[in-house]
Amino acid sequence: MSLPTFSAKSTAEDVAATFGERIRGKTVLVTGTSINGIGFETARVLAKYAGLVIITGYNTERLNLSAEAIKKETPSANIRQLVLDLSSLTAVRKAAAEVNEYPEPLHVIIHNAAAGGSATLNPTVDGLEPRMATALTGPFLLTKLLSQKLLTSSSPDFTPRVVVVSSIAHAFGPHGVDLANIAHPDPAKYHNGDAYFQAKAAGILFASELSRRAKDKINAYSLHPGGIMTNINQKGQDKLDLISMGILTPEGLPDESKGAWKTMGEGAATTIVAAFDSRLDDKSGAYLDDCVVANEKVAPHSSNAETASKLWEITEEIVGEKFAF
């Protein structure tokens, strides 16, 4: 069967319809699924085909709203809510233990969650910078704790996948991840924008190193979803920073003169490509943009194998567990 060529204008619905049979019966865990976000759109569309979609978040009220919205559109959807605070290693361990008790297999983890910004450093309960905790240490530990469940879902037709939603903004930081600052972040070095850039760079490095170490037992991908007006950039310090950068207008609206903005459906399309497109089976470790492999768009500091390996080892030390295959 000839598969369509996806592009920046492709939607999550387009991609899921193409790979509906491949998605059917699969269990997918999606982090960060609040309404008006890419994660919600991803979960909403996958729920039309998947055997089980696990939606996660730290706010039970938002989780309930997301589940209700999905069920209202697709009454047959099998949705399970999981309370998960990626900024707390203790909370991650609790959530992982719950998932490991599920009778269903686990085929795909989509690390979509992101932390909002702040003008000053507000460390997590573990003393980490919140964006880095949500983009790296939390997902790293969750993946590690669920890796055996992922591995046992492998079949001749499907290798389990881990998808990391990053951003082209990873390249805006000139030096990438400050390895010396992860375990013990220095308030004097903190800048909201740079924290975001570093967190997105860390996600790319994590996905590439996971791919290398898993040796085809788990396929991992990172991606840029595009410019989307999600809930996270409509408030607080993030909104102020985007206005000061000229990405949003003074009124807080997308500035179309600075580049094309995507709809929520277009934004989630690349995530579903990364999770299920069969043409990526032999391209583990790839970075995607506009629904296609775009490794050439990764900044040198985020494609350095030595940096990726060091970051992995530092993260192992932070979470207090070795992650090996």
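Residues numbered from 1 in each chain as written. Predicted model: local features only at pLDDT ≥ 70, side-chain atom pairs only at ≥ 80, totals over all residues. Heavy atoms only, no water.

Under an unreviewed UniProt entry, the name given to the protein chain is Short-chain dehydrogenase/reductase family protein, and the organism recorded is Favolaschia claudopus. Among the UniProt annotations of the protein chain, the heading Sequence similarities (unreviewed entry) holds the following wording: "Belongs to the short-chain dehydrogenases/reductases (SDR) family." (UniProt positions renumbered as here; feature names shortened; annotations may be inferred.)

Visitor: Could you clarify how one ought to interpret the nonpolar core in this entry?
Guide: Nonpolar side chains tend to gather and get buried jointly when the protein is soluble and globular. One finds L29, L146 and V177 to be the most contacted residues of the largest nonpolar core, which totals 44 residues. Taken together, the elements giving at least two residues each to this core come down to β2 (52–57), α5 (89–100), α6 (130–152), β5 (161–165), α7 (192–214) and α10 (305–319). Excluding residues that lie within four positions of it along the chain, L29 makes contacts with I54, T56, L82, V99, L106, V108, I109, I110, L142 and L146. Counting 43 residues, the second largest nonpolar core, distinct from the first, contains I23, F40, I79 and I272. (Core = buried A, V, L, I, M, F, W, Y, C linked by side-chain atoms within 4.5 Å. Buried < 20%, exposed > 50% of the residue type's maximum accessible area, 1.4 Å probe, protein only. Helix = DSSP H or I, 4+ residues; strand = E, 2+ residues; numbered from the N terminus. Contact = heavy atoms within 4.5 Å.)

Visitor: Could you clarify how one ought to interpret the sheet that holds β5 in this entry?
Guide: Within a sheet, neighbouring strands are paired by backbone hydrogen bonds and run either parallel or antiparallel to one another. One open sheet holds the eight strands; their spatial order is β3-β2-β1-β4-β5-β6-β7-β8, and the pairing between them is mixed. A strand with exactly one partner marks an edge of an open sheet, and here the two such strands are β3 (79–83) and β8 (292–293). Where β2 meets β3, five bridges bridge the pair, whose relative direction is parallel. Across the sheet, the residue bridging to I55 is Q81, located in β3. Contacting β1 (27–30), β4 (108–111) and β5, α6 crosses the sheet at an angle of about 170° to β4. (Pairing = 2+ DSSP bridges. Axes fitted to C-alpha atoms, helices over the stretch in contact; angles between N-to-C directions.)

Visitor: Could you clarify how one ought to interpret unusual backbone geometry in this entry?
Guide: Negative phi values dominate among residues other than glycine, just as trans dominates among peptide bonds. Here K215, not a glycine, exhibits a phi torsion of approximately 50°, which is positive. Along the chain, the position of K215 falls in the loop between α7 and β6 (219–224). Positive phi is not limited to glycine here, since D216 has a value of about 70°.

Visitor: So what exactly am I meant to see when it comes to the side chain of S211 here?
Guide: Assignment of secondary structure puts S211 in helix α7. If we skip the residues at most four places from it in the chain, S211 touches D216, A220, S284 and G285.

Visitor: It is not clear to me how the pattern of salt bridges should be interpreted in this structure. Could you clarify?
Guide: One side chain can pair with another of opposite charge once the charged atoms of both are near each other. By the definition in use, this model includes 21 salt bridges. Notably, a salt bridge pairs R80 with E104, separated by 2.8 Å at the nearest N-O pair. Remark: E104 occurs in the loop between α5 and β4 and R80 occurs in strand β3; sequence separation between them is 24 residues. D281 is the partner of R161 in a salt bridge, and the nearest nitrogen-oxygen pair spans 2.6 Å. With R161 in strand β5 and D281 in the loop between α9 (264–276) and β7 (287–289), this residue pair connects regions lying 120 residues apart in the sequence. A network of salt bridges, in which partner residues are shared, links E13, E41, R44, K48 and E73. (Salt bridge = Lys/Arg side-chain N within 4 Å of Asp/Glu carboxyl O.)

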